[in-house]
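Listed below are the residues making up each chain.
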Amino acid sequence: LGRMKPVIVVHGGAGRIFREREEGCRAGVVRAALRGYGVLKHGGTAVDAVEEAVRSMEDDPHFNAGCGSVLNEKGEVEMDAIIMDGKNLDSGAVSAVKCIANPIKLARLVMEKTKHMLLTDHGAHLFAQAMGIPEIPGEKLITERSRERWKKNLEPDSNPEEFQKDLGTVGAVAIDSEGNVACATSTGGLSNKLIGRVGDTACIGSGGYADNHSGATSTTGHGESIMKVVLARLILYHMEQGMSPEVAADTALDYMKTRVGGLGGVIVVNKAGEWAARFSTKQMSWATVKDDNLHYGIYAGEEHIKSVDEALASEREGF
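Computed from a predicted model, the values in this text were never measured in an experiment.

What counts, and where the lines are drawn
Residues numbered from 1 in each chain as written. Predicted model: local features only at pLDDT ≥ 70, side-chain atom pairs only at ≥ 80, totals over all residues. Heavy atoms only, no water. Helix = DSSP H or I, 4+ residues; strand = E, 2+ residues; numbered from the N terminus. Rg over C-alpha atoms; globule rule 2.2 N^0.38 Å. Buried < 20%, exposed > 50% of the residue type's maximum accessible area, 1.4 Å probe, protein only. Contact = heavy atoms within 4.5 Å. Areas by Shrake-Rupley, 256 points an atom, 1.4 Å probe, with all protein chains shown as cover. Lys, Arg positive; Asp, Glu negative; His and termini not counted. Charge placed at Lys NZ, Arg CZ, Asp CG, Glu CD. Phe/Tyr/Trp six-rings, centres within 6.5 Å; stacked < 30°, edge-to-face > 60°. Pairing = 2+ DSSP bridges. Axes fitted to C-alpha atoms, helices over the stretch in contact; angles between N-to-C directions. Salt bridge = Lys/Arg side-chain N within 4 Å of Asp/Glu carboxyl O. Parallel < 35°, antiparallel > 145°, perpendicular 65-115°, else oblique. Nonpolar A, V, L, I, M, F, W, Y, C, P; charged D, E, K, R; others polar. Core = buried A, V, L, I, M, F, W, Y, C linked by side-chain atoms within 4.5 Å. UniProt positions renumbered as here; feature names shortened; annotations may be inferred.

Draft legend 1. Here's a closer look at the overall build of the protein. Along the backbone of the protein there are 10 helices and 13 strands. Radius of gyration (C-alpha) of the protein: 18 Å, near the 20 Å computed for a compact globule of 319 residues. C-alpha extents for the protein along the principal axes are approximately 60 × 45 × 45 Å. Each of the 319 residues in the protein was classed as buried or not, and the buried ones make up 58%. Summarising the internal contacts of the protein: among those between residues at least 6 apart in sequence, 65% fall at separations of at least 24. Summing over all exposed atoms, the protein offers an accessible surface of approximately 13,200 Å²; the carbon and sulfur share of this is 52%. Distance between charge centres in the protein, computed from 36 positive and 44 negative side chains, equals 1 Å.

Set out below in structure tokens:
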């Protein structure tokens, strides 16, 4: 078996990205992709790489995950995350977790340190304590922007549905030099959601799926729609039928739109290292690194390409 060329693809959420946030979103997905690629270049696994990329975006307040998560009806942050290893189909997820900086780290510990796949709310909190994950005050995760939006959505004539279009789940998929694939997805969910609402992100096959036999995918968009069609698994099914990542992604997104009226976006890598970043929303921030070239964009049809060296240099100077 020849060694694979590693590939990482990341997304910072599908939806509507306001002009004043565009640069920050672009810089954030580029940084995450470069970090994940760095892990792969140094011999790290696909699982290590997707965890690192997602952690980078959880720490970035531009995205609806970790710090910067949207608030539920009570004004609190409740987060969901999942990670999956394509080698043996192991997966770990957490849902409705509060007061931790990086839910993706906790999801990975669920995968590696328990016999379970999904821990929720209070149980996830107890497990985090047992694993020595530091608790942080909930306020630390709340940005001015999230609070503003929460307040707006509380007004009697507001339409939270309108705001849901500006989502921002984050995710990553990768293939490493051994040919193993992995995915990771993390989110703060929907603004002003009911307490205890869990979306697609924590659900295997919806928020993400990874299988060495076909590839890996991470999704973003309207969670309830994604769950109805089990979007991540649907894309891999299409690839198993011989579709390219791009055609599989478009076919599945199109089905979700026609069948349940849902919009979203996906990133995909197949077992041969071919990748795609596709969306049915107006925008989705995404970035990928393959063959030491960085590709990234936000709008349909937009694709910038830079060498990794050039990108790392401008990273260091501040994007």
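And the narrative resumes.
Draft legend 2. Spotlight on the packing of aromatic side chains. Per the counting criterion, the structure on display carries 1 aromatic pair. Here the aromatic rings of Trp-275 and Trp-286 are separated by 5.6 Å at their centres, their planes lie at 40 degrees, and the arrangement is tilted. Residue Trp-275 is located in strand β10 (residues 275-279), and its partner Trp-286 is located in strand β11 (residues 283-290); the two are separated by 11 residues in the primary sequence.

Draft legend 3. Examining the sheet that holds strand β1 (residues 7-15) more closely. What the 9 strands build is an open sheet, ordered β4-β3-β2-β6-β5-β1-β11-β12-β13; its pairing is mixed. Of all the strands in the sheet, just β4 (118-120) and β13 (304-307) have a single pairing partner and so form its edges. Here the strands of the sheet are splayed against their neighbours by 10 degrees on average, with no regard to which way each runs. As paired strands, β1 and strand β5 (residues 170-175) are joined by 5 bridges and run antiparallel to one another. In the sheet register, Val-10 faces β5, and the bridge partner there is Ala-172. Each of β1, β5, β11, β12 (293-299) and β13 touches helix α1 (residues 19-41); the most contacted strand, β11, lies at about 25 degrees to it. Across the sheet, helix α2 (residues 46-58) is in contact with β1, β2 (79-85), β5 and β6 (181-187); its angle to β5 comes to roughly 160 degrees.

Draft legend 4. Geometry of the pattern of salt bridges. With the rule as written, the count across this model stands at 21 salt bridges. In this structure, Glu-22 and Arg-19 form a salt bridge, with 3.2 Å as the shortest nitrogen-oxygen distance. With Glu-22 and Arg-19 both in helix α1 and 3 residues apart, this pair spans about one turn of that helix. We classify Glu-22 as buried; its relative accessible area is 8%. On the basis of relative accessible area, Arg-19 is assigned to the exposed category, the value being 64%. A salt bridge links Arg-278 to Asp-250; the shortest N-O distance between them is 2.8 Å. Of this pair, Arg-278 sits in strand β10 while Asp-250 sits in helix α9 (residues 245-260), and the two are 28 residues apart along the sequence. You can call Arg-278 partly exposed: its relative accessible area is 27%. Take Asp-250: its relative accessible area is 30%, and that puts it in the partly exposed class. One continuous salt-bridge network, built from bridges that share partners, spans Arg-19, Glu-22, Glu-23, Arg-26 and Glu-302.

Draft legend 5. Structural context of unusual backbone geometry. Phi is positive for Leu-89, which is not a glycine, with a value near 65 degrees. Mapped onto the elements of the fold, Leu-89 is located in the loop between β2 and β3 (90-97). Positive phi outside glycine occurs at Ala-96, with the angle close to 55 degrees. Relative to the elements of secondary structure, Ala-96 occurs in strand β3. A residue is classified by how much of its surface remains accessible, and Ala-96, at 4% relative accessible area, is buried.

Draft legend 6. Fine view of the packing of helix α3 (residues 103-113) against helix α4 (residues 121-130). Two elements in contact, α3 and α4, have axes separated by 11 Å at closest approach and are oriented at 80 degrees. Taken as axis vectors, α3 and α4 run roughly perpendicular relative to one another. Contact with α3, carried on its side by Leu-106, Leu-109, Val-110 and Lys-113, involves Ala-124, Phe-127 and Ala-128 of α4 and no other residues of that element. Looking at the contact of α3 with α4, its residues break down into 6 nonpolar, no polar and 1 charged.

Draft legend 7. Seen up close, the nonpolar core. Counting 54 residues, the largest nonpolar core has Ile-8, Val-10, Ile-83, Leu-106, Ala-287 and Val-289 as the members making the most contacts within it. Top element by residues in this core is α1. It accounts for 8 residues. With residues near it in sequence (within four places) discarded, Ile-83 still touches Val-47, Val-50, Glu-51, Asp-90, Ser-91, Gly-92, Ile-104, Ala-107, Arg-108, Met-111, Cys-183 and Ala-184. In this structure, Val-173, Ile-235, Val-266 and Met-284 belong to the second largest nonpolar core, which totals 32 residues.

Draft legend 8. The arrangement of the UniProt feature "active site" (unreviewed entry) in the protein in detail. Taken from the UniProt record, the annotation "active site" (unreviewed entry) applies to Thr-169. Within the fold, Thr-169 resides in the loop between α6 (160-164) and β5. Those residues in contact with Thr-169 that sit more than four places away from it in its chain are His-11, Gly-12, Gly-13, Asn-64, Thr-185, Ser-186, Thr-187, Thr-201, Thr-219 and Thr-220.

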